[in-house]
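Examining the three-dimensional arrangement
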Amino acid sequence: QVQLVESGGGLVQAGGSLRLSCAASGSIFSINTMGWYRQAPGKQRELVADITTGERTNYADSVKGRFTISRDNAKNTVYLQMNSLKPEDTAVYYCNARIRRLLTYDDYWGQGAQVTVSS
């Protein structure tokens, strides 16, 4: 079994900051790309940012310059530092990781963390 456990969501005023963490645990051989997605009410889930094992990063245009993704491979953990938050960043944020347990890589998801930004 593999689990992704998220932490760090909450309520913040516009302009504030939050940091999300996501730790993978269980029967893990290796982890490839890790990332964060978000889903606002009535909208589709969208990629926020992802990071490869070589720490190459990719960001949605809407968060570039405000959010920073990082990872600690020794801890199987990915982070999302969110600065200059806006009300439109309000969503449930989901951690994603491409994990190899045996022979193949599969996608795993966290339970979701609510981020609410008030104006």
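In case you missed it, the structure is sitting above this.
Residues numbered from 1 in each chain as written. Predicted model: local features only at pLDDT ≥ 70, side-chain atom pairs only at ≥ 80, totals over all residues. Heavy atoms only, no water.

Here we come to the pattern of salt bridges. Where charged atoms from two side chains of opposite charge approach closely, those side chains can pair. Inspection of every chain in the model, using the stated rule, returns 5 salt bridges. Notably, a salt bridge pairs Glu46 with Arg38, separated by 2.7 Å at the nearest N-O pair. You can call Glu46 partly exposed: its relative accessible area is 36%. Accessibility expressed as a relative area gives 6% for Arg38, which makes it buried. (Salt bridge = Lys/Arg side-chain N within 4 Å of Asp/Glu carboxyl O. Buried < 20%, exposed > 50% of the residue type's maximum accessible area, 1.4 Å probe, protein only.)

In this section: the state of the cysteines. Taken as a whole, this structure holds 1 disulfide when the rule is applied. The side chain of Cys22 participates in a disulfide bridge whose partner is Cys95; the two sulfur atoms lie 2.1 Å from each other. Its S-S torsion of approximately -75° makes the covalent link between Cys22 and Cys95 left-handed. Placement of the pair is Cys22 in strand 3 (residues 18-26) and Cys95 in strand 9 (residues 91-100), with a sequence separation of 73 residues. Each member of the pair Cys22 and Cys95 is classed as buried. (Disulfide = S-S within 2.5 Å. Helix = DSSP H or I, 4+ residues; strand = E, 2+ residues; numbered from the N terminus.)

Our next topic: the pairing of strand 4 (residues 30-39). On a regular strand, one side chain projects to one face of the sheet and the next to the other, so that they alternate. Note that strand 4 and strand 9 share 8 bridges and pair antiparallel. Each residue of the ladder has a partner; that of Ile31, found in strand 9, is Ile99. Where strand 4 lies against strand 5 (residues 46-51), 5 bridges are found, and the strand directions are antiparallel. Following the sheet pairing, Gly35 is matched in strand 5 by Asp50. Between strand 4 and strand 5, which pair antiparallel and follow one another directly, the connecting turn spans 6 residues, one of which, Gly42, has a positive phi of 75°. (Pairing = 2+ DSSP bridges.)

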